[in-house]
Amino acid sequence: MSRAEVDGRAYEEVAADKAGPGPGPAQHPAGPTIRQALSVGVATGAYGISFGALSVTAGLDLLQTMALSLLMFTGGSQFAFIGVIGAGGSGAAATATAGLLGVRNALYGLQMSRIVGVRGIRRLAAAWLTIDESTAVGSLQPTPGLRRLGFWLTGLSVFVLWNLATAGGAVVGDLLGDPKQWGLDAAAAAAFLALLWPRLRDGQARAVAAAAVVVATALTPIAPAGVPVLAAAAAAVVIGWRRAR
Amino acid sequence: MTGWVAVLAAAGVCLALKVAGYLVPGRLVEGERARRIAGLVTVALLAALVAVQTLGAGQRLAVDARVVALGAAAVALALRAPFIVVVVLAAAVAAGLRALGW
């Protein structure tokens, strides 16, 4: 859940070239939007199985695992949280890492609040469902009505399927025994790589990724678990700040 | 801070961030620099998590079946394999190598 990619293109890239009001609703039936939203929901939801399994093997119980998927509901942060806990890191380090990875959802919210345009309790619901996928599908659609439809349908279908899959994965994960025997530690690394992949198209992102790998690897033997990842984020802030324009 | 406290705190932080995006006036955080830094922080966190998850063994570094599995995942990603295929492939490669005694 957090793969910022739709139809193989990074979300930012897609958002940049969909600009423009587009023709009226007559030329834009809802079918393609519905199909796109549901297919993203199914693909992303299925991936919740691996979150559930990895979470219980990282030491969380079934209810804690479910609480993460229901309340946090943002895959990158959820995987980061259990990754830090599983590596022996503190709850504070896990919370900080998950929170930093969730900052982008605030930026998505800024954008989607204009598109969704709801108030009160429905605005809370919209915020809850604001993730990479719902933002990407929503902002990709040609008309305001379809943008709202794409956002809500993607968010709701991912939410339902992600939580069902998390529960299934947590039950299966409990039965697996040693996670290493099944390669689940490697699966977690691959999940992070898959989340990272669509973001590596520009040169500065690749440079920051390389620096982050060096910083995190170098600090692992000397810093408490969780700190190497946060230090890598700090390095990104420094690089991003200094490369202004 | 352990168990439920950490789970609820982290979930609360992430949910609050989502809500903040809908409440904060856009002009406060919409600068080009803020946007770019937020994107780069995401990239750095994910790259660091890949490194730690692939090479970390508690507080030590270890090169083992995970490195080969990550290589397989990268090849699958380059070939545009779906997310779930990438993850399952990496698990299968690592599990297979370990079954062979590596």
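Residues numbered from 1 in each chain as written. Chains lettered and ligands numbered in written order. Predicted model: local features only at pLDDT ≥ 70, side-chain atom pairs only at ≥ 80, totals over all residues.

Some details on the domain arrangement of chain B
Right, so step 1: According to the domain assignment, chain B contains domain 1 (1-29), domain 2 (31-61) and domain 3 (64-102).
Right, so step 2: Between domain 1 of chain B and domain 2 of chain B, the C-alpha centre-to-centre distance is 19 Å. (Domains from an automatic or database assignment.)

Description of helix α1 (residues 3-23) of chain B
Right, so step 1: Along its 21 residues, α1(B) runs 30 Å from first to last C-alpha, staying within 8% of the 30 Å computed at 1.5 Å per residue.
Right, so step 2: Residues of α1(B) that are buried: B:Ala6, B:Val7, B:Ala10, B:Ala11, B:Cys14, B:Leu17, B:Lys18, B:Gly21 and B:Tyr22. The buried side chains of α1(B) occupy one side of the element, clustering within an arc of 165 degrees when seen end-on.
Right, so step 3: Each element contacted by the buried residues of α1(B) is listed here: α4 (62-72), α5 (75-86), α6 (91-101), α7 (103-116) and α8 (120-128) of chain A. (Helix = DSSP H or I, 4+ residues; strand = E, 2+ residues; numbered from the N terminus. Expected span 1.5 Å × (residues − 1). Buried ≥ 20, exposed ≤ 12 C-beta atoms within 10 Å, placed from the backbone. Arc of directions from axis to C-beta. Contact = placed C-beta atoms within 7 Å.)

Thoughts on the interface of chain A and chain B
Right, so step 1: With 85 residues of chain A at the contact, the number on the chain B side is 69 residues.
Right, so step 2: Per-element tally for the side of chain A that touches chain B: the top contributor is helix α11 (residues 184-196) of chain A, with 13 residues.

A closer look at the environment of A:Arg114
Residues and elements named next belong to chain A.
Right, so step 1: Among the structural elements, arginine 114 can be located in helix α7.
Right, so step 2: Overall, arginine 114 belongs to the exposed group, with 11 C-beta atoms counted inside 10 Å.
Right, so step 3: Expressed as a C-alpha distance, the spacing of arginine 114 and isoleucine 49, which sit 65 residues apart in the sequence, is 33 Å.

Examining the nonpolar core
Right, so step 1: Ranked by size, the top nonpolar core spans 111 residues in total, and within it A:Ala190, A:Ala212, A:Ala232, B:Ala44, B:Leu45, B:Ala48 and B:Ala90 carry the most contacts.
Right, so step 2: With 14 residues, the single largest contributor to this core is helix α3 (residues 32-55) of chain B.
Right, so step 3: Apart from the residues lying within four places of it in its own chain, the contact partners of A:Ala212 are A:Ala232, A:Ala235, A:Ala236, B:Ala44, B:Ala47 and B:Ala48. (Core = buried A, V, L, I, M, F, W, Y, C linked by C-beta atoms within 7 Å.)

Regarding unusual backbone geometry
Where the residue is not glycine, phi is negative for most of them; where a peptide bond is considered, it is trans in most cases.
Right, so step 1: Even without a glycine there, the phi angle at A:Phe73 is positive, about 40 degrees.
Right, so step 2: Relative to the assigned elements, A:Phe73 resides in the loop between α4 and α5.
Right, so step 3: Residue A:Phe73 is classed as buried on the basis of its 25 C-beta neighbours within 10 Å.
Right, so step 4: You will see that B:Arg80, though not glycine, has its phi angle at about 65 degrees, which is positive.
Right, so step 5: Along the chain, B:Arg80 falls in the loop between α4 (65-78) and α5 (83-99).
Right, so step 6: For B:Arg80, a count of 10 C-beta atoms within 10 Å corresponds to the exposed category.

Quick look at the domain arrangement of chain A
Residue and element names in this part refer to chain A.
Right, so step 1: When the domains of chain A are assigned, the result is domain 1 (5-20 + 28-197) and domain 2 (202-245).
Right, so step 2: Measuring from the centre of the C-alpha atoms in domain 1 to the corresponding centre in domain 2 gives 23 Å.
Right, so step 3: In this assembly, 11 residues from domain 1 lie in contact with seven residues from domain 2.
Right, so step 4: Here the element with the most residues in the side of domain 1 that touches domain 2 is α6; it accounts for five residues.
Right, so step 5: Of the residues contributing to the side of domain 1 that touches domain 2, the split by class is seven nonpolar, four polar and no charged. (Nonpolar A, V, L, I, M, F, W, Y, C, P; charged D, E, K, R; others polar.)

Side note on the confidence of the model for chain B
If pLDDT is low for a region, its predicted coordinates should not be looked at in detail.
Residue and element names in this part refer to chain B.
Right, so step 1: On average, chain B scores 88 in pLDDT, and the residues at 70 or more come to 93%.
Right, so step 2: Within chain B, no element has a lower average pLDDT than helix α2 (residues 26-29), which sits at 60, and none a higher one than α4, at 97.
Right, so step 3: Scoring of the predicted complex yields 0.73 for pTM and 0.86 for ipTM. (pLDDT = per-residue confidence, 0-100.)

Some words on the packing of α11(A) against α3(B)
Right, so step 1: Relative to each other, α11(A) and α3(B) sit at 160 degrees, their axes nearing to 9 Å. Between α11(A) and α3(B), the angle is such that the two are roughly antiparallel. Where α11(A) crosses over α3(B), the two elements pack in a sense that is left-handed. Seen from α11(A), the contacting residues are A:Asp185, A:Ala188, A:Ala189, A:Phe192, A:Leu193, A:Leu195 and A:Leu196; seen from α3(B), they are B:Val43, B:Leu46, B:Ala47, B:Leu49, B:Val50, B:Gln53 and B:Thr54. (Axes fitted to C-alpha atoms, helices over the stretch in contact; angles between N-to-C directions. Parallel < 35°, antiparallel > 145°, perpendicular 65-115°, else oblique. Left-handed = near helix turned anticlockwise from the far one by under 90°.)

Thoughts on the environment of A:Thr217
Right, so step 1: Here A:Thr217 shows up in helix α12 (residues 203-219).
Right, so step 2: Separated by 109 residues in sequence, A:Thr217 and A:Tyr108 have C-alpha atoms that sit 30 Å apart.
Right, so step 3: Contact partners of A:Thr217, with chain neighbours within four places excluded, come to B:Ala51, B:Leu55 and B:Leu61.

What to know about the confidence of the model for chain A
Residues and elements named next belong to chain A.
Right, so step 1: Per-residue pLDDT for chain A averages 83, and the proportion of residues at 70 or more is 88%.
Right, so step 2: When pLDDT is averaged over each element of chain A, α4 comes out on top at 97 and strand β2 (residues 9-10) at the bottom at 40.
Right, so step 3: Every residue in residues 1-25 is under pLDDT 50, and counting partners more than four places away or in other chains gives 51 contacts.

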